[in-house]
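Structural overview for review
One letter stands for each residue in the lines below.
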Amino acid sequence: MDRFVYLDHAATTATRPEVVEEMLPYFTEKFGNPSSIYSFSSQNKDAIVNARRIIGDSLGTDAANIYFTAGGSESDNWALKETARTYASKGKHIITTKIEHHAILHTCEFLEKEGYEVTYVGVDEHGIVKLDELKAAIRPDTILISVMFANNEIGTIQPIKEIGAIAREHGVLFHTDAVQAYGQLPINVDDMNIDMLSASGHKLNGPKGVGFLYIRKGIKIRNLIHGGAQERARRAGTENVPGIVGLGKAVEIAFATMEERTKKEIELRNYLIDRVMAEIPYTRVNGHIDKRLPNNANFSFQFIEGESLLIMLDMAGVCASSGSACTSGSLDPSHVLLAIGLPHEIAHGSLRLTLGDENTKEEIDYVIDNLKDIVQRLRDMSPLYEDFIKKSR
């Protein structure tokens, strides 16, 4: 393999050298338990306080509203399960959407088995939540609305402020899975009426295995993990000090560079989309063309299987995906693509390319040149494509 091009930043990102450097002392020199009372450990407690402050500032909220977790999936589970259990006496109805990450969908399925009722709101052909349908779904026993900030597969950004306002108007708590959006888009939790927000470090050049849940002051939800008094007695377990320090540094860098970085990503993304659509026929872009994450491009190619496409791209040294990394072993078409109205046969031929700030125009040209060749080779082997061409002559 002569080339290596990484275009799967929605799955994970490389930890920045500056982040690793910031973390290293907390593995060896500064290894104390933050809960210990002696001065050797107090520096670790201070490091956690600093990271919490950085994250709070990035969301326009007080540091006390940030709770560290092991990542986005844990944060999602905590927000949904413990909100459901805490407010069960008020009602057992939850609203989410058909295009959520499986950390939300599978948690909702779990809650349904415990006697909760979940309404899955639809989206339009661009993946934007149908607000009228969402409003109509609210009932007197609705206790929580959970809508992702931006979709991890097709990149569509949701009208979060409007959804938060609807929830606030009806006295319903509002949670958003911002794992893909955090560090890519400006977010102010007060302005956007967000009560809870999930994020993960490894999506923004931080370490894996660490994330956080923002919980608005005054919201009392039960603990997901019991044991000690860490995280102000709301999330037990000795703190992952190196991870938290790394997350804080990654957030600091991500927000300091956001404007310049996302401008570059948008230019490359648009260049990628324009070339693919101009040079590869029978192709469609999935997701909203404008209201999408700066680094996301998602395509469906007719007459091919996405799995074969990924394998051949991998042979050319290109890392890409057909959707969420959490479902990469599944042979089923993406639930997101089905929700926006694609038929199974077209949904199967999908490709997600997600950029990072280190990607170059020359890399994009290399990927497109290989993509054109691979798509044509796969179509040449397809009886469906052969029949289509014959009928169109």
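Structure's up top.
Residues numbered from 1 in each chain as written. Predicted model: local features only at pLDDT ≥ 70, side-chain atom pairs only at ≥ 80, totals over all residues. Heavy atoms only, no water.

Scanning the protein chain from terminus to terminus reveals 13 helices and 12 strands. In terms of overall size, the protein chain behaves like a compact globule, its C-alpha atoms giving a radius of gyration of 22 Å where 393 residues would be expected to give roughly 21 Å. Dimensions of the protein chain, computed from C-alpha atoms along their principal axes, come out at roughly 75 × 55 × 35 Å. Evaluated residue by residue, the protein chain yields a buried proportion of 58% over its 393 residues. For the protein chain, contacts bridging at least 24 residues in sequence account for 74% of all contacts bridging at least 6. Counting every atom, the protein chain has about 16900 Å² of accessible surface; 53% of that belongs to carbon and sulfur. (Helix = DSSP H or I, 4+ residues; strand = E, 2+ residues; numbered from the N terminus. Rg over C-alpha atoms; globule rule 2.2 N^0.38 Å. Buried < 20%, exposed > 50% of the residue type's maximum accessible area, 1.4 Å probe, protein only. Contact = heavy atoms within 4.5 Å. Areas by Shrake-Rupley, 256 points an atom, 1.4 Å probe, with all protein chains shown as cover.)

Take V123: it is sitting in the loop between β4 (117-121) and α5 (131-137). Among residues more than four places away in sequence, those in contact with V123 are I99, I128, V129, K130, A339 and I340.

Here the focus is the nonpolar core. Ranked by size, the top nonpolar core spans 57 residues in total, and within it I145, F149, I194, L197 and F212 carry the most contacts. Leaving out residues up to four positions away in the same chain, F149 has contacts with T156, I157, Q158, I160, T176, D177, A178, A181, L185, I187, M192 and I194. (Core = buried A, V, L, I, M, F, W, Y, C linked by side-chain atoms within 4.5 Å.)

So, about the pattern of salt bridges. Side chains that carry opposite charge are capable of pairing whenever their charged atoms lie near each other. Summed over all chains, the structure comprises 22 salt bridges. Ionic pairing is found between R53 and D57, a salt bridge with its closest N-O pair at 3.3 Å. One end of the pair is R53 and the other is D57, both in helix α2 (residues 39-59) and four residues apart, which spans about a single turn. Accessibility expressed as a relative area gives 39% for R53, which makes it partly exposed. (Salt bridge = Lys/Arg side-chain N within 4 Å of Asp/Glu carboxyl O.)

Moving on, we get to the packing of helix α3 (residues 72-86) against helix α4 (residues 102-113). With their axes 9 Å apart at the nearest point, α3 and α4 run at an angle of 30 degrees to one another. Taken together, the axis directions place α3 and α4 in an arrangement best described as roughly parallel. Where α3 crosses over α4, the handedness of that crossing is right-handed. Of the residues in α4, those touching α3 at S73, D76, N77, L80, K81, A84 and R85 are A103, I104, T107, C108, F110 and L111. Grouping the constituent residues of the contact of α3 with α4 by class yields seven nonpolar, three polar and three charged. (Axes fitted to C-alpha atoms, helices over the stretch in contact; angles between N-to-C directions. Parallel < 35°, antiparallel > 145°, perpendicular 65-115°, else oblique. Left-handed = near helix turned anticlockwise from the far one by under 90°. Nonpolar A, V, L, I, M, F, W, Y, C, P; charged D, E, K, R; others polar.)

Let us now look at a nonpolar patch on the surface. Judged by side-chain polarity, F31, I37, Y38 and F40 come together as a nonpolar surface patch covering roughly 510 Å² of accessible area. Counting through the fold element by element, F40 comes out in helix α2. (Patch = residues over 30% accessible without salt bridge, like charges linked within 9 Å, V, L, I, M, F, W, Y side chains within 5 Å.)

With that settled, consider helix α12 (residues 361-380). For α12, built from 20 residues, the straight-helix expectation of 28 Å at 1.5 Å per residue is met to within 8% by its first-to-last C-alpha distance of 29 Å. If you check which residues of α12 are buried, you get E363, I364, D365, Y366, V367, I368, L371, I374, V375, L378 and R379. (Expected span 1.5 Å × (residues − 1).)

Moving on: the environment of I55. With respect to the helices and strands, the residue I55 is situated in helix α2. For I55, a relative accessible area of 0% translates into the label buried. Along the chain, I55 and K391 lie 336 residues apart, while their C-alpha atoms are 58 Å from each other.

Turning next to the sheet that holds β4. The strands that make up a sheet pair up through hydrogen bonds in the backbone, lying either parallel or antiparallel. The sheet built from seven strands is open, its strands ordered β2-β8-β7-β6-β5-β3-β4 with mixed pairing. Unpaired on one side and paired on the other, β2 (66-69) and β4 mark the two borders of the sheet. In this sheet, adjacent strand axes meet at a mean angle of 20 degrees when their direction is disregarded. Most of the contacts of α4 go to β4, to which it runs at about 150 degrees, and overall it touches β3 (93-97), β4, β5 (142-146) and β6 (173-177). (Pairing = 2+ DSSP bridges.)

Helix-helix packing: each pair is described by the crossing angle between the helix axes and the interaxial distance. Orientation of α2 relative to helix α8 (residues 241-279), taken along the N-to-C sense of each, is 35 degrees, at an axis distance of 9 Å. Crossing handedness for the pair α2 and α8: left-handed. The segment α2 lies against α8, with N44, A47, I48, A51, I54, I55 and S58 engaging V241, I244, V245, L247, G248, V251, E252 and F255.

This brings us to the sheet that holds strand β12 (residues 350-354). Here three strands make up an open sheet; going across it, the order is β9-β10-β12 and the pairing antiparallel. The sheet terminates laterally at β9 (283-285) and β12, the two strands that pair on one side only. Neighbour to neighbour, the strand axes of the sheet diverge by 25 degrees on average, direction disregarded. Note: β9 against strand β10 (residues 296-301), three bridges, orientation antiparallel. Within β10, the residue paired with R284 across the bridge is S300. The strands touched by α8 are β9, β10 and β12; relative to β10, the strand with the most contacts, the crossing angle is about 15 degrees. Lying on the sheet, α12 is in contact with β9, β10 and β12; it crosses β10 at an angle near 20 degrees.

The next thing to look at is the packing of aromatic side chains. Taken as a whole and assessed by the stated rule, the structure comprises 10 aromatic pairs. Ring centres 6.4 Å apart and planes at 65 degrees place the aromatic pair Y282 and Y385 in the edge-to-face group. Of this pair, Y282 sits in the loop between α8 and β9 while Y385 sits in helix α13 (residues 383-392), and the two are 103 residues apart along the sequence. Look at Y282 and you get partly exposed, because its relative accessible area is 31%. Take Y385: its relative accessible area is 11%, and that puts it in the buried class. Aromatic rings pair up to connect Y282, F303, Y385 and F388 into one cluster. In this structure, R3 packs its charged tip against the face of Y366, placed 4.5 Å from the ring centre. (Phe/Tyr/Trp six-rings, centres within 6.5 Å; stacked < 30°, edge-to-face > 60°. Lys NZ or Arg CZ within 6 Å of the ring centre and 35° of its normal.)

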